[in-house]
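# Coordinates in review
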Amino acid sequence: MLRRDNAQSWEVQEDVFEIEKVLDTLKDLSLTLKKEIILLFTFRTKKEGGEKEISMKDYTELNKAVAKSKNVDMIDVEIFSGDDIVKENIKNIHEAEILVIGSNHDFFKTPSKDDIISRLLKAQEIGADIPKIAVMPKTIEDVLILLNATSEMYDKYANRPIVTMSMGALGVISRISSEVFGSAMTFGAVGEVSAPGQIPVKDLSIILNILNKSFKR
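Please read these numbers as outputs of a predicted model, since none were measured by experiment. (Residues numbered from 1 in each chain as written. Predicted model: local features only at pLDDT ≥ 70, side-chain atom pairs only at ≥ 80, totals over all residues. Heavy atoms only, no water.)

Our next topic: the overall build of the chain. Looking only at helices and strands, one finds seven helices and eight strands in the chain. By residue count, 47% of the 217 residues in the chain fall in the buried class. Nonlocal contacts in the chain, meaning residues at least 24 apart in sequence, comprise 71% of its contacts between residues at least 6 apart. Surface exposure of the chain reaches about 11,300 Å², of which carbon and sulfur atoms provide 54%. (Helix = DSSP H or I, 4+ residues; strand = E, 2+ residues; numbered from the N terminus. Buried < 20%, exposed > 50% of the residue type's maximum accessible area, 1.4 Å probe, protein only. Contact = heavy atoms within 4.5 Å. Areas by Shrake-Rupley, 256 points an atom, 1.4 Å probe, with all protein chains shown as cover.)

Right under this line is the structure:
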């Protein structure tokens with residue numbers, strides 16, 4: 001059956017390096033949501049498409065403080081930040097009993113099928129609870145490569161949920177159908193999009209409800 005995680009995202013840009021302000025915001029969100037919506041915390045670094053630069057020391061301290069606050073359900077960790085840094089982040093987050101999404105974003109191309117699977121396996125092997133990859137297609141064939149890799153990873157190698165998507169206009173079909181191929185969730189936009197090709201949540205909900213009625217995996 002198709003699964004749809006009831007998650008939303010908020011952006012805290014100006015005060016993101018002031019940890020206490022970030023924690024205050026997360027506390028307010030947690031109280032408002034009352035655990036009815038899964039809260040995923042992400043600092044997306046500039047090298048993977050984010051708005052701001054950050055040192056790995058500050059990145060680690062921010063994620064650790066957020067995890068210890070217990071006001072989020074999951075924290076995103078970028079898997080290609082250096083193995084020692086990633087392991088430290090995952091260790092800190094798991095010690096606070098928070099789940100880790102191990103992510104990788106390629107805004108320039110779609111890697112080969114084997115490379116996509118290799119990146120997802122790396123996230124799985126290094127300890128992420130949910131490996132995730134997002135890639136940029138240049139052709140329709142690139143989108144098919146991503147979906148084929150998703151299916152093979154899901155069927156042959158994954159021992160936990162995985163998340164995959166193809167970005168941009170060409171990749172929109174992956175955002176509404178990748179669960180058919182084994183991806184555990186998708187991302188929609190509430191207001192301003194945070195990645196190319198995101199679909200408004202209202203439209204996405206309608207499409208997923210239609211698929212839910214007819215598909216079981």
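On to the nonpolar core. Counting 29 residues, the largest nonpolar core has Leu-26, Phe-41, Val-66, Val-72 and Ile-75 as its most contacted members. Among the secondary structure elements, those contributing two or more residues to this core are α1 (19-33), β2 (38-41), α2 (56-69), β3 (74-78), α3 (83-95) and α4 (113-126). Setting aside its immediate chain neighbours within four residues, Leu-26 contacts Leu-39, Phe-41, Val-66, Asn-71 and Val-72. Of all hydrophobic cores here, the second largest spans twelve residues; its members include Ile-116, Ile-133, Val-143 and Ile-162. (Core = buried A, V, L, I, M, F, W, Y, C linked by side-chain atoms within 4.5 Å.)

What follows concerns the UniProt feature "active site" (unreviewed entry) in the chain. Residues annotated by UniProt as "active site" (unreviewed entry) correspond here to His-105 and Lys-132. The largest pairwise C-alpha distance within this set of annotated residues, which runs over 28 residues, is 8.5 Å, so the set is compact in three dimensions. Structurally, His-105 is set in strand β4 (residues 99-106). Take His-105: its relative accessible area is 10%, and that puts it in the buried class. Here His-105 is in contact with Arg-44, Glu-48, Lys-132 and Ala-134, once residues within four sequence places are set aside. (UniProt positions renumbered as here; feature names shortened; annotations may be inferred.)

Moving on: unusual backbone geometry. Non-glycine residue Lys-70 carries a positive phi angle of around 60 degrees. By the secondary structure assignment, Lys-70 is in the loop between α2 and β3. Taking the relative accessible area as the measure of exposure, Lys-70 reaches 43% and is therefore partly exposed. Here the phi dihedral of Glu-97 falls at roughly 60 degrees; this positive angle occurs in a residue that is not glycine.

What follows concerns the side chain of Arg-44. Note on placement: Arg-44 falls in the loop between β2 and α2. A polar atom in the side chain of Arg-44 sits 2.9 Å from the side chain of Glu-78. Beyond its immediate chain neighbours, meaning those up to four positions away, Arg-44 contacts Gly-49, Gly-50, Glu-51, Lys-52, Asp-76, Glu-78, Ser-103, His-105 and Lys-132. (Polar contact = N/O pair within 3.5 Å; in protein donor to acceptor, adjacent residues only side chain to side chain.)

The next subject is the UniProt feature "binding site: 3-dehydroquinate" (unreviewed entry) in the chain. In the numbering used here, UniProt assigns the "binding site: 3-dehydroquinate" (unreviewed entry) feature to Arg-44, Arg-175, Ser-194 and Gln-198. With respect to the helices and strands, the residue Gln-198 is situated in the loop between β7 (188-189) and β8 (199-200). Under the relative-accessibility criterion, Gln-198 is labelled buried at 12%.

With that settled, the discussion passes to the pairing of strand β5 (residues 130-135). Regular strands have side chains that alternate between both faces of the sheet. Counting buried residues in β5 gives six out of six residues, a clear majority hidden from the surface. Residues Ile-130, Lys-132 and Ala-134 line one face of β5 and the alternating positions Pro-131, Ile-133 and Val-135 line the opposite face, and both faces are buried. Strand direction decides the pairing type here: β4 and β5, joined by six bridges, are parallel. Considered in β5, the bridge of Ser-103 is made with Lys-132. (Pairing = 2+ DSSP bridges.)

Attention now goes to the packing of helix α6 (residues 172-181) against helix α7 (residues 201-214). To describe two helices that pack against each other, one gives the angle between their axes and the distance between the axes. One can describe the packing of α6 onto α7 by two numbers: an axis separation of 10 Å at closest approach and a directional angle of 30 degrees. Between α6 and α7, the angle falls in the class roughly parallel. Here α6 runs over α7; the crossing is right-handed. Facing Arg-175, Ile-176 and Glu-179 of α6, the residues of α7 in contact are Leu-204, Ile-207, Leu-208 and Leu-211. (Axes fitted to C-alpha atoms, helices over the stretch in contact; angles between N-to-C directions. Parallel < 35°, antiparallel > 145°, perpendicular 65-115°, else oblique. Left-handed = near helix turned anticlockwise from the far one by under 90°.)

Below, the discussion takes up helix α5 (residues 140-157). With 18 residues, α5 extends 25 Å from end C-alpha to end C-alpha; this agrees with the ideal 26 Å at 1.5 Å per step. Turning to α5, its buried residues number three or more, namely Asp-142, Val-143, Leu-146, Leu-147, Ala-149, Thr-150, Ser-151, Glu-152 and Met-153. On its buried side, α5 packs onto α4, β5, β6 (163-166) and α6. (Expected span 1.5 Å × (residues − 1).)

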